Amino acid sequence: MENTWQKGIQTQHEECRDVDLTVHGEFPTWLDGTFIGNGPGQFEVGETTLEHWFDAFAMLRRIEITDGSAQYSNQFVQSEDFRVAREDDRVRRSLPGTPASGSGLRRLYQALTGGLQDNPSIGVSRIDETLYAVTESPVGLEINPETLETTGRRDLTAGLDSDITLGHTHFMQNTQWGMSATFGSECAYTLFRREEGSSPEAITQLQFDEHPPYIHAFALTEQYAVIPESCFGVNFRKLLFGTLQGGTFLDAFASRERQSRFHIIDRSTGERTAAVSADPFFIYHFANAYEENESESIIVDCVRFDDIASVTDLTISNLRSENPNLPEGDFVRYRLPLEGGTAERELLFRGPVEFPTINYGAHNGRSYQYAYLAATDVGGLPTSIAKVDVEQTTAQRWSEAGVHPGEALFVPAPDPTAEDDGVLLSLAVDGYDERSLLLCLDAETMTERARAVLPHRVPYGFHGQFYEMSNPTRSMAWAYTRYLNREWISQNYTANNNISIINPVRILLLCCIRSVLTKIQKENASSCGKNSIRWLMNNIFKERSDTLSFSVSNRLRIATAKDHIIIIVFEAADEYLNINRWRPISDGLRTRQRSPLSRVTELKIHHYELSLVTVEPHTH
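Keep in mind it's a predicted model, so treat the numbers as computed, not measured.

Asks: Please explain the overall build of the chain as it appears in this structure.
Replies: A count of helices and strands for the chain gives twelve helices and 43 strands. Intrachain contacts of the chain at a sequence separation of at least 6 include 62% that bridge at least 24 residues. Taken as a whole, the chain presents about 25100 Å² of accessible surface, with 44% of it coming from carbon and sulfur.

Asks: Can you walk me through the environment of Val134 in this structure?
Replies: Positionally, Val134 belongs in strand E9 (residues 130-134). Under the relative-accessibility criterion, Val134 is labelled buried at 5%. Separated by twelve residues in sequence, Val134 and Ile122 have C-alpha atoms that sit 6.0 Å apart. Among all residues touching Val134, those that are not within four sequence positions of it are Asn38, Pro120, Ser121, Ile122, Gly123, Val124, Ser125, Leu156 and Gly167.

Asks: Is there a simple way to think about the packing of aromatic side chains in this case?
Replies: The description of an aromatic ring pair uses the distance of the two centres, along with the angle that the planes make with each other. Applying the stated criterion across every chain yields a total of 23 aromatic pairs. Taken together through their ring pairs, the aromatic side chains of Trp53, Phe54, Tyr214, Phe249, Phe253, Phe282, Tyr284, Phe305, Phe355, Tyr460 and Phe462 make up a single cluster. The residue whose ring lies beneath Arg126 is Tyr467, and the NZ or CZ to ring-centre distance is 4.4 Å.

Asks: Teacher, can you tell me more about the environment of Asn3 here?
Replies: As for its position among the elements, Asn3 is in the segment before strand E1 (19-20). Sequence separation between Asn3 and Val378 is 375 residues; the distance between their C-alpha atoms is 9.7 Å. Not counting residues within four places of it along the chain, the set of residues in contact with Asn3 comprises Arg320, Ser321 and Glu322.

Asks: Help me out: how do you make sense of the nonpolar core in this one?
Replies: Membership of the largest hydrophobic core comes to 75 residues, with the highest contact counts inside it found for Phe27, Leu31, Trp53, Ile63, Phe282, Phe331 and Tyr368. Not counting the four nearest positions on each side in its chain, Phe27 is found in contact with Ile65, Gly68, Ala70, Cys440, Ala450 and Ala452. Judged by nonpolar contacts, the second largest core, of 20 residues, contains Tyr224, Phe262, Phe286 and Ala343.

Asks: Explanation requested: the pairing of strand E11 (residues 150-155) in the structure shown.
Replies: The side chains of a regular strand alternate, first on one face of the sheet and then on the other. Both strand E10 (residues 139-143) and E11 contribute to a ladder of five bridges, which runs antiparallel. What sits directly across from Glu142, in E11, is Gly152. The turn joining E10 and E11, which pair antiparallel and follow one another in sequence, is formed by six residues; a positive phi near 70 degrees is taken by Leu148.

Asks: Whenever I open this one, the sheet that holds strand E29 (residues 370-375) confuses me. Can you help?
Replies: Each strand in a sheet pairs with its neighbour through backbone hydrogen bonds, running either in the same direction (parallel) or in the opposite one (antiparallel). The antiparallel open sheet is built from four strands, whose spatial order is E28-E29-E30-E31. A strand with exactly one partner marks an edge of an open sheet, and here the two such strands are strand E28 (353-357) and strand E31 (394-399). In this sheet, adjacent strand axes meet at a mean angle of 25 degrees when their direction is disregarded. By the bridge criterion, six bridges tie E29 to strand E30 (residues 384-389) in an arrangement that is antiparallel. In the strand pairing of E30, Ala371 is matched with Val388.

Asks: Mind showing me how you'd approach the side chain of Asn119 here?
Replies: As for its position among the elements, Asn119 is in the loop between helix H2 (104-112) and strand E8 (123-127). In this structure the side chain of Asn119 is engaged in a polar contact, spanning 2.8 Å, whose partner is the backbone oxygen of Ala56. Here Asn119 is in contact with Asp55, Ala56, Phe57, Ala58, Ser79, Asp81 and Thr135, once residues within four sequence places are set aside.

Asks: Is there a simple way to think about the sheet that holds E10 in this case?
Replies: One open sheet holds the four strands; their spatial order is E8-E9-E10-E11, and the pairing between them is antiparallel. Of all the strands in the sheet, the pair left with one neighbour each is E8 and E11. If you compare each strand with its neighbour and ignore which way they point, the axes differ by 35 degrees on average.

Asks: Hey, could you run me through the pattern of salt bridges in this one?
Replies: If the charged atoms of two oppositely charged side chains come close together, the side chains can form a pair. On inspection of all chains with the given rule, the structure shows 26 salt bridges. Close ionic contact of Arg261 with Glu229 constitutes a salt bridge, the shortest N to O distance being 3.0 Å. In this pair, Arg261 sits in strand E21 (residues 260-266) while Glu229 sits in strand E18 (residues 224-229), placing the two residues 32 residues apart along the sequence. Using a relative accessible area of 27% as the deciding quantity, one classes Arg261 as partly exposed. A relative accessible area of 4% means that Glu229 is categorised as buried. Across the pair Asp279 and Arg304 runs a salt bridge whose closest N-O atoms are separated by 3.8 Å. Taken together, the residues Asp279 in the loop between strand E22 (272-278) and strand E23 (282-292) and Arg304 in strand E24 (residues 297-305) connect sequence positions 25 residues apart. Judged by relative accessible area, Asp279 falls into the partly exposed class, the value being 28%. A relative accessible area of 10% places Arg304 in the buried class.

Here is what the cut-offs are and how they apply
- Residues numbered from 1 in each chain as written.
- Predicted model: local features only at pLDDT ≥ 70, side-chain atom pairs only at ≥ 80, totals over all residues.
- Heavy atoms only, no water.
- Helix = DSSP H or I, 4+ residues; strand = E, 2+ residues; numbered from the N terminus.
- Contact = heavy atoms within 4.5 Å.
- Areas by Shrake-Rupley, 256 points an atom, 1.4 Å probe, with all protein chains shown as cover.
- Buried < 20%, exposed > 50% of the residue type's maximum accessible area, 1.4 Å probe, protein only.
- Phe/Tyr/Trp six-rings, centres within 6.5 Å; stacked < 30°, edge-to-face > 60°.
- Lys NZ or Arg CZ within 6 Å of the ring centre and 35° of its normal.
- Core = buried A, V, L, I, M, F, W, Y, C linked by side-chain atoms within 4.5 Å.
- Pairing = 2+ DSSP bridges.
- Axes fitted to C-alpha atoms, helices over the stretch in contact; angles between N-to-C directions.
- Polar contact = N/O pair within 3.5 Å; in protein donor to acceptor, adjacent residues only side chain to side chain.
- Salt bridge = Lys/Arg side-chain N within 4 Å of Asp/Glu carboxyl O.

So, in structure tokens, the structure goes:
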């Protein structure tokens, strides 16, 4: 068999900007948005090949899908690590498997003074309306989502007593949940939450000695955080003493000779509800977790490895080889009793598999039926996408010879009728044609609907997100909508009596002005970047925002002062409103001149859609 997978582990130096792609098949008419992925781009420093898959320098990939067409850009993240590698042909800071250039004393000094890499190759995350490329590092690099240019840096540990933050986080109701870590003779992992626009708040801390578990991700249920404590991790004493001889994270990664456990943390109090023991495991990624009330337990679905090879065998030389020794992670289900004890484990799908995803916006932390995984039959990279029915433990697959599909992101259809009503987007490497493809699969049938062919091959990536145009949504890990309650509205708007009250109903009227001011967005992106209700009022509706008023009583009522348009109407104070962010996505008014409310309303009536979305109550 031809070694097609090595093409996905080779450097791509070429950077493209806004290249129109050939599309075979048809994207769904409702699919409008941007896929942004992150992962390896360069595997060498000068003439020296890096050691580990996680060492490669980060490259972003962007594919915008609009009206059935697709446009592609890619660019290296301009980290200090990348700059020094390009300009000086040296490794600035020690990478997971490759030591920093220079003397042993220099490396030791860096280790003692907290000199950590800033190469953000794990994924992307939107925090406070800004996009960041992230990894397990103190910093996130700010990215312009339109151009992929690196525009700044942010200390993600600010407000936390920590050395790094993890690359994987969760977002629930506009709150980020993440973990940070402190390393040394005493080590700790901190669970934190961060409200939009606020500093992080530490919820609880797990303490360890100088040989802590390696934690890459964690899971959330509606009430709990589930934190894995594997029996493998970095021995920081060994790492420190090995630094003089060029030792790395990989060299110090070893068995902890401790039992694996799951820590169940109450998210509201920070108290540990239980520590559930389990057979030896190592976990990179979780699919989902939820509370099973009838048995007073938590269900945790994840990809489980049983030995240290899950980390040590992911070297570039091994993955490129003709017969790679690929770690065989299985997709499993753990049942964790809330009173503590021992976890039960059930096989859901035999590996090697990785990169599990679900219909995140609707089912993260809740009972679900379908998970999607990148599965490998032969070679060093995945060869198929598997849809696993976790209730029936059955599976469907999509595959094509020589094609290596990446993480499958689920994008729901508008007004979905089922959990799998939507599409999967996967950036794949075609090893025969030496090009990359954006695959669009029907999530229900696992049949191909469309593919967009890139102008070149980009290395196999790690994680990405799909941000919808009309509702910028982090498809895998963040429903990027604004939840407004009575207190929020009371604090941000002043009520008066000059309003027309509309009879309250339990339907949120989303006035989807889908075709307004595209030219403004493209030509004046800085002002259009804040796609929120406030921005819409101030910039599209020329009327002053103080003409928009709210009445808060036993029922919340919202209307406009001039009877032109209903903005929001709902009832019941204990419900939250899901307010879609507004973003113009196609031709409409073709001028920078801001239009009066009456004109926009008239256009809406004659040309634009009105969506009715039932608002479900959120329990708090």
